[in-house]
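# Chains, contacts and geometry: an overview
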Amino acid sequence: MHFTEISTCIVNSVSVLLFLPLWVILIILLNSLCPLINSKRLTFNLSISTSLINLFFSIICLIFCIKNPSINIENNIIWLNSDVKVFLGTLVDNLSSVFLILYSIIFFLIQIFSYFKIKDTKNFHKFFIYLNLANFSIIGLILSTNLIQTLIFIIFTSVVCYLIMSCFSLEEQSELVVRKIFLLNYFGDISLLIGISVIVYFSSLFNVSQNLILLSYSDFIFHVDNFYSMFSEYTYVVILLFMLISIFIKMGQVPFFSSVLKLNEIKNLGAIIVLFCLSLGSIYLLARIYPMIILSVFVKNILIVVGMLSAFLGVYFSLSQNLLNKFLLSLGVSQFGLILLTIGLKGYSLAIYSYWVFLFAYLLLFFISYLLNKDGSINIKTTEKRLCILIICHI
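To keep things clear, this report deals only with the structure shown in the data block. Predicted model only: the values in this text are computed from it and were never measured.

This next bit is on a nonpolar patch on the surface. On the surface, Phe19, Leu22, Trp23, Leu26 and Leu30 cluster together into a nonpolar patch covering about 540 Å² of accessible area. Tracing the backbone shows Phe19 in helix α2 (residues 16-33).

So this is what it looks like as structure tokens:
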């Protein structure tokens, strides 16, 4: 069989990645409940095998998209069959293939790091169950075929992030912080739900999606042109703002700094994973709705202003931190601000590139801080040390 035919067959079977974590969760659950087995090594091996399979599929998908840049592989099933038909499925295109392979690499590293960090804790099995739930939600998000499916998996990711944060939050103060972060992200999800619901309502009302999958990314430019023509400029901007509020919250941008900076108070591994999942979901959503953003000058200006303020304030807060983990979280806010600024200036490709480059450097420093100290609290009291780390991250 020719490689092209094999790769096409594998790409068409990419939905396996969605169901694999759920089967692993079931086996881990049975393993943890059986006193005769209860093997942590089995739990880890199952989980890491899932990551390796993710990596294999993502490599094939990327090769396929490089060789066939104009071809999208999309598979859908009707999830809700009523006046408004909602489809769920998988879409492999240039954007999803890039996100999938980079996510798979980072998630593989996170699983290895997590095993050695928490292998002696009593919540080991529970943590890996939540980790595989996060894997399911992020893969479902990346492979979404339409905006409605993206919304569903973003909400599910927020719930999973709450479970991960609460897994090791034994102190009453930490539990309170976890609830506050969850409620703030829940508010962002509600805001996103309102924005997308308005779009869905008008799409069905004006029959924009006739003979097309509702809000499908394959035909998204067609949908966007119709949205823009059916709404006034003011209404269009308000709808986009509802969606952007969710992104600002999850990325800790002005005026929602606390959504990320409060992670400083959660002294466990969950803080890294939560920031990774929330930021990835936000960047991916931003990339998907980019055709909507570029049609409004006002929205682009909002991104520029919010991005600039967040970038400067993030650096300002980071230089006042004495601990490396808190420094890195504040620096993350600054970098996310630069990404928003870049998108506002129509630097779409540069924004995606800078996000992944920074994320690899950022997680590497985070891993080092947690290897050297149990809760990542490494003193960087001098301004010179902070400036050196700041320069290294931005380079």
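A few words now on the environment of Ile6. Here Ile6 is to be found in helix α1 (residues 3-12). Owing to a relative accessible area of 35%, Ile6 belongs among the partly exposed residues under this scheme. When the C-alpha atoms of Ile6 and Ile60 are compared, they prove to be 9.4 Å apart, with 54 residues separating the residues in sequence.

Turning our attention to the nonpolar core. Core analysis: the biggest nonpolar cluster contains 130 residues, and Phe276 and Trp356 have the highest contact counts within it. The element contributing the most residues to this core is helix α11 (residues 270-288), with 14 residues. Apart from residues lying up to four places away in sequence, Trp356 is in contact with Phe99, Leu102, Tyr103, Ile106, Phe276 and Leu280.

With that out of the way, let us pick up the pattern of salt bridges. A full pass over the atoms with the stated rule returns 2 salt bridges. Arg288 is the salt-bridge partner of Asp93, the closest N and O atoms lying 3.0 Å from each other. With Asp93 in the loop between β2 (86-92) and α4 (94-118) and Arg288 in helix α11, this residue pair connects regions lying 195 residues apart in the sequence. The class for Asp93 is buried, based on a relative accessible area of 9%. The partner of Asp189 in a salt bridge is Lys250, and the shortest N-O contact between them spans 2.9 Å. One end of the pair, Asp189, is in helix α7 (residues 172-205); the other, Lys250, is in helix α9 (residues 233-250), with 61 residues separating them in the sequence. Across this residue pair, the class does not change: Asp189 and Lys250 are buried.

Moving on, we get to the packing of aromatic side chains. The final tally for this structure, using the stated rule, is 21 aromatic pairs. Between Phe56 and Phe57, the ring centres sit 5.8 Å apart and the planes meet at 85°, which makes this aromatic pair edge-to-face. In textbook terms, an aromatic cluster arises when at least three aromatic residues are bridged by ring pairs, as seen for Phe44, Tyr115, Phe116, Phe124, Phe127 and Phe128. Directly above the aromatic system of Tyr217 lies the positively charged group of Arg288, at a separation of 4.5 Å from the ring centroid.

What follows covers α2. Spanning 18 residues, α2 covers 26 Å between terminal C-alpha atoms, matching the ideal 26 Å at 1.5 Å per step. Among the residues of α2, Leu17, Leu18, Leu20, Pro21, Val24, Ile25, Ile28 and Asn31 are the ones counted as buried. Seen end-on, α2 carries its buried residues on one side only, within an arc spanning 165°. Facing away from the buried side of α2 by over 90 degrees, the exposed positions are Phe19, Trp23, Leu30 and Leu33.

Each pocket or cavity is described by its volume, and for the second largest pocket that value is around 480 Å³. Surrounding the second largest pocket, 22 residues form its lining, Asp93, Leu95, Ala287, Arg288 and Tyr348 being those nearest its centre. Elements with a minimum of two residues in the lining of the second largest pocket: α4, α8 (220-230), α11, α12 (290-293) and α15 (348-372). Considering every element that reaches the lining of the second largest pocket, the biggest residue donor is α15, with 5 residues. Within the lining of the second largest pocket, the residues separate by chemical class into 15 nonpolar, 4 polar and 3 charged.

Quick look at the packing of helix α13 (residues 297-318) against helix α14 (residues 324-344) now. The geometry of a pair of packed helices is captured by two quantities: the angle between their axes and the separation between those axes. Contact pair α13 / α14: the axes reach a minimum separation of 7 Å and the direction vectors enclose 160°. Compared by their axis directions, α13 and α14 come out roughly antiparallel. As for how α13 packs across α14, the hand of that crossing is left-handed. For the pair formed by α13 and α14, the contact residues are Lys300, Leu303, Ile304, Val306, Gly307, Met308, Ser310, Ala311, Gly314, Val315, Phe317 and Ser318 on the first element and Phe327, Ser330, Leu331, Val333, Ser334, Gly337, Leu338, Leu340, Leu341, Ile343 and Gly344 on the second. Counted by class, the contact of α13 with α14 contains 14 nonpolar, 8 polar and 1 charged residues.

This brings us to unusual backbone geometry. Residues Val254 and Pro255 are joined by a peptide bond in cis, for which omega reads 5°. Among the secondary structure elements, Pro255 is positioned in the loop between α9 and α10 (258-261). Its identity as a non-glycine residue notwithstanding, Lys346 has a phi of 70°, on the positive side. Take Lys346: it is sitting in the loop between α14 and α15. The class of Lys346 is exposed, set by a relative accessible area of 54%.

Reading the values: rules and limits
- Residues numbered from 1 in each chain as written.
- Predicted model: local features only at pLDDT ≥ 70, side-chain atom pairs only at ≥ 80, totals over all residues.
- Heavy atoms only, no water.
- Patch = residues over 30% accessible without salt bridge, like charges linked within 9 Å, V, L, I, M, F, W, Y side chains within 5 Å.
- Areas by Shrake-Rupley, 256 points an atom, 1.4 Å probe, with all protein chains shown as cover.
- Salt bridge = Lys/Arg side-chain N within 4 Å of Asp/Glu carboxyl O.
- Helix = DSSP H or I, 4+ residues; strand = E, 2+ residues; numbered from the N terminus.
- Buried < 20%, exposed > 50% of the residue type's maximum accessible area, 1.4 Å probe, protein only.
- Core = buried A, V, L, I, M, F, W, Y, C linked by side-chain atoms within 4.5 Å.
- Contact = heavy atoms within 4.5 Å.
- Phe/Tyr/Trp six-rings, centres within 6.5 Å; stacked < 30°, edge-to-face > 60°.
- Lys NZ or Arg CZ within 6 Å of the ring centre and 35° of its normal.
- Expected span 1.5 Å × (residues − 1).
- Arc of directions from axis to C-beta.
- 1 Å grid on protein atoms, 1.4 Å probe; cavity = no way out; pocket = protein on both sides within 12 Å on 5 of 7 lines; lining within 4 Å.
- Points joined across faces, edges and corners; volume = space filled by probe spheres on them.
- Nonpolar A, V, L, I, M, F, W, Y, C, P; charged D, E, K, R; others polar.
- Axes fitted to C-alpha atoms, helices over the stretch in contact; angles between N-to-C directions.
- Parallel < 35°, antiparallel > 145°, perpendicular 65-115°, else oblique.
- Left-handed = near helix turned anticlockwise from the far one by under 90°.

These values are about where atoms sit, not about what they do.
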